[in-house]
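# Structural overview
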Amino acid sequence: MHEVFEKILGKENVLKNEPMRNHTTFKIGGEADWFLMPQNGEQLKGVISVIKEAGMPLFVLGNGSNLLVGDKGIRGAVVCLGKQMGGIEISGCECYAESGAILSKVANAAQRAGLSGLEFASGIPGSIGGAVFMNAGAYEHEMKEIIKTVEYMDMDGNVFTVSNEDCDFGYRTSLFSENDYIVLGCTLSLKEDDPCEIRKRMDDYTQRRTSKQPLEKPSAGSVFKRPAGHFAGGLVEQAGLKGFEIGGAQVSEKHAGFIINKGDATAKDVLDLVEYIKKVVFEKFQVMLEMEVKKIGEF
Ligand SMILES: Cc1cc2nc3c(=O)[nH]c(=O)nc-3n(C[C@H](O)[C@H](O)[C@H](O)COP(=O)(O)OP(=O)(O)OC[C@H]3O[C@@H](n4cnc5c(N)ncnc54)[C@H](O)[C@@H]3O)c2cc1C
């Protein structure tokens, strides 16, 4: 298998038994059997075909900022669409960004070109692929508002382009998350504006994030989805759980919607803490919290 992957991707883009803690913002996660880094769509198609033929499970990784990977790691192949597939091109009021482009980079490129629309996403530490897949959002905005078209690959290696209306965007869901499609890139439809005004709005969002979120500690952002009529962080705080810890995992003192890795947290510590929070919040408020962070691999 090693040789087949290396033939398609080159030696340096095939890793065996790769610790996933090196690829997640939580800095948690055991080894992936295979960690593959295609450099373009053609290579991606090649590896998908090999993986499928071998009957191997496949997981697509973006920037690893919404994941809790199990301590026993991931069986099968992790295909990382990272910065090697991170091109950004601006033309008029449109910006095409490849899946591996990091949101802050795309937002900065748009700002320099005097294009507004991505300010809300500039502090979300995900890739374009992950943000489209999740329909990432913040400050009353979401990716859905600025996407014109999305290019994706299905598990047979066929490439399609769909327009916004056909992306089935919902709260942190999309056509791509519902069908396991691989996002290759998207065209964003932005609006002309003064670069200084755009920068001011980005700085304002950054300031709000740094003052409220524990960005100095490893985490995967908000752990829970927003329950109807409530804020998950508010419920956790009212339940008296701010600062509560199990092993190396702690409910952030700064923002109760975040769990932070104090340094040596295991995935089990985080999951035990999640279950404890869910139990206490349900007992107090009869609200069942649901994880937004995705659990991947073996625990
Ligand atoms: C400090 C912090 C703050 C955050 N703030 C926010 C916020 O304000 N709003 C918000 O929505 N999220 C937030 N997040 C969560 C996270 O950044 C987003 O969900 C982001 O969109 C995930 O992108 P990613 O590239 O890291 O995806 P990953 O974590 O790598 O993957 C997430 C999911 O997307 C899939 N995926 C990734 N790339 C692709 C692709 N190219 N094709 C198909 N599937 C793919 C993966 O298989 C996985 O199921 C925050 C996280 C952190 C750590």
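Residues numbered from 1 in each chain as written. Predicted model: local features only at pLDDT ≥ 70, side-chain atom pairs only at ≥ 80, totals over all residues. Heavy atoms only, no water.

### A few points about the site of the ligand
Under the convention used in this document: For each residue, the test is whether any non-hydrogen atom lies within 4 Å of the molecule or strand; if one does, the residue is near. Distance and chemistry together define a polar contact, namely a pair of N or O atoms within 3.5 Å, with one atom able to donate a hydrogen and the other to accept it when in protein, and with adjacent residues in sequence counting only for side-chain atoms on both sides. Each accessible area is a Shrake-Rupley estimate made with a 1.4 Å probe; only the visible protein chains count as cover when residues are assessed. Secondary structure elements follow DSSP: runs of H or I no shorter than four residues count as helices, runs of E no shorter than two count as strands, and numbering proceeds from the N terminus. We call Asp, Glu, Lys and Arg charged. Ala, Val, Leu, Ile, Met, Phe, Trp, Tyr, Cys and Pro are nonpolar, and the rest, Gly among them, are polar.
The environment of the ligand is formed by 36 residues, the closest being V60, S65, S127, G137 and V183. A distance of 2.6 Å separates an oxygen atom of the ligand from a polar atom in the side chain of S127. For the ligand, a nitrogen atom lies 3.3 Å from a polar atom in the backbone of G130. Coverage of the ligand by the protein amounts to 94% of the 970 Å² it exposes when considered alone. Only β3 (58-61), α4 (128-134), β9 (137-138), β13 (182-189) and β15 (219-222) provide two or more residues apiece to the shell around the ligand. The element best represented in the shell around the ligand is α4, accounting for 5 residues. The residue inventory of the shell around the ligand, partitioned by class, reads 18 nonpolar, 15 polar and 3 charged.

### Here's the deal with the packing of helix α1 (residues 2-9) against helix α2 (residues 41-53)
Packed helices, taken two at a time, are described by their axes: the angle between them and the distance between them. What counts here: Note on geometry: axes are C-alpha line fits, over the in-contact stretch for helices, and angles between N-to-C directions span 0 to 180 degrees. With respect to orientation, any angle under 35 degrees is reported as roughly parallel, any angle over 145 as roughly antiparallel, any angle of 65 to 115 as roughly perpendicular, and every other angle as oblique. In this scheme the handedness of a crossing depends on how the near helix is turned from the far one: anticlockwise by less than a right angle means left-handed, clockwise means right-handed. By definition, residues are in contact when any of their heavy atoms lie within 4.5 Å.
Taken N-terminus to C-terminus, the directions of α1 and α2 make an angle of 165 degrees; their axes are 9 Å apart at the nearest point. In terms of orientation, α1 lies roughly antiparallel with respect to α2. Where α1 crosses over α2, the two elements pack in a sense that is right-handed. Counted together, V4, F5, I8 and L9 of α1 and Q43, G46, V47, V50 and I51 of α2 form the full contact between these two elements. Looking at side-chain class alone, the contact of α1 with α2 contains 7 nonpolar, 2 polar and no charged residues.

### So, unusual backbone geometry
As a reminder, the rule being used: Classification of residues uses two cut-offs on accessible area relative to the type maximum, computed with a 1.4 Å probe and protein chains only: under 20% is buried, over 50% is exposed, and between them is partly exposed.
At R172, a position not held by glycine, the phi torsion is positive, near 60 degrees. Structurally, R172 is set in the loop between β12 (159-163) and α5 (175-179). Phi angles above zero are rare outside glycine, and Q286 is one such case at about 55 degrees. With respect to the helices, strands and loops of the structure, Q286 is situated in the loop between α8 (267-285) and β19 (294-296). Accessibility expressed as a relative area gives 57% for Q286, which makes it exposed.

### Quick look at the environment of I90
Mapping I90 onto the fold places it in strand β6 (residues 88-91). Considered as a pair, I90 and V106 are 16 residues apart in the sequence and their alpha carbons are 9.7 Å apart. Sequence-distant contacts of I90, defined by excluding residues within four places in its chain, comprise C95, A109, A110, A113 and L115.

### Concerning the layout of surface pockets
Selection criterion: A pocket, in this scheme, is an open set of points on a 1 Å grid over the protein atoms alone with protein on both sides within 12 Å along at least 5 of 7 lines, while a cavity is a set where a 1.4 Å probe fits but cannot get out; residues line either one if an atom lies within 4 Å of a point. Grid points are joined across faces, edges and corners, and a volume is the space filled by probe spheres set on the points. The start and end points of each domain follow an automatic or database-based domain assignment.
There is about 360 Å³ of room inside the second largest pocket. What lines the second largest pocket is a set of 20 residues, among which N63, C80, G82, K83 and Q84 lie closest to the centre. Of the residues belonging to the lining of the second largest pocket, the class tally is 7 nonpolar, 11 polar and 2 charged. Taken domain by domain, the lining of the second largest pocket gets at least three of its residues from each of domain 1 (2-80) and domain 2 (85-202).

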